[in-house]
Amino acid sequence: QVHLVESGGGLVQPGGSLRLSCTTSISISSIYFMGWYRQAPGKQRELVAGITSGDITNYQDSVKGRFTISRDNAKNTVYLQMNSLKPEDTAVYYCLANSKSWAVWGQGTQVTVSS
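Residues numbered from 1 in each chain as written. Predicted model: local features only at pLDDT ≥ 70, side-chain atom pairs only at ≥ 80, totals over all residues. Heavy atoms only, no water.

## Quick word on the pairing of strand 7 (residues 67-72)
Where burial is concerned, the two faces of strand 7 differ: the one with Phe67, Ile69 and Arg71 is buried and the one with Thr68, Ser70 and Asp72 is not. Pairing analysis gives 6 bridges linking strand 7 to strand 8 (residues 77-82), with the strands arranged antiparallel. Paired with phenylalanine 67 across the two strands is methionine 82, which belongs to strand 8. Hairpin connection from strand 7 to strand 8: 4 residues lie between these consecutive antiparallel strands, with asparagine 76 at a positive phi of about 50°. (Buried < 20%, exposed > 50% of the residue type's maximum accessible area, 1.4 Å probe, protein only. Helix = DSSP H or I, 4+ residues; strand = E, 2+ residues; numbered from the N terminus. Pairing = 2+ DSSP bridges.)

And the structure:
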């Protein structure tokens, strides 16, 4: 069974940076799609950024130019570098691993942007 472990969330001031990590229990190179999603209170979960095994990336419009998703196959880890954070980025961030036959979510990590 595939497991995901997320880390890197926390409290940061507006304009600050955080880097989220998502480490998988299997070889990340075998996973077709890895994504970061977020869910704010009272809102639906939404895709923030995704990356395929071929390193094709996509981003939600509101984070383009501020967030960067990357993967390190040697460490079985996907990262989300978040810069110029805004209060509206506050949410629980979840990692998703998606192959063609299964999908697994991480437990979530809280990101709070506040002064």
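## Some remarks on the environment of valine 48
Within the secondary structure, valine 48 is located in strand 5 (residues 46-52). The class for valine 48 is buried, based on a relative accessible area of 0%. As a C-alpha pair, valine 48 and glutamine 81 span 33 residues in sequence and 12 Å in three-dimensional space. Setting aside residues up to four positions removed in sequence, valine 48 forms contacts with Trp36, Tyr37, Arg38, Asn58, Tyr59, Gln60, Val63, Phe67, Leu80 and Tyr93. (Contact = heavy atoms within 4.5 Å.)

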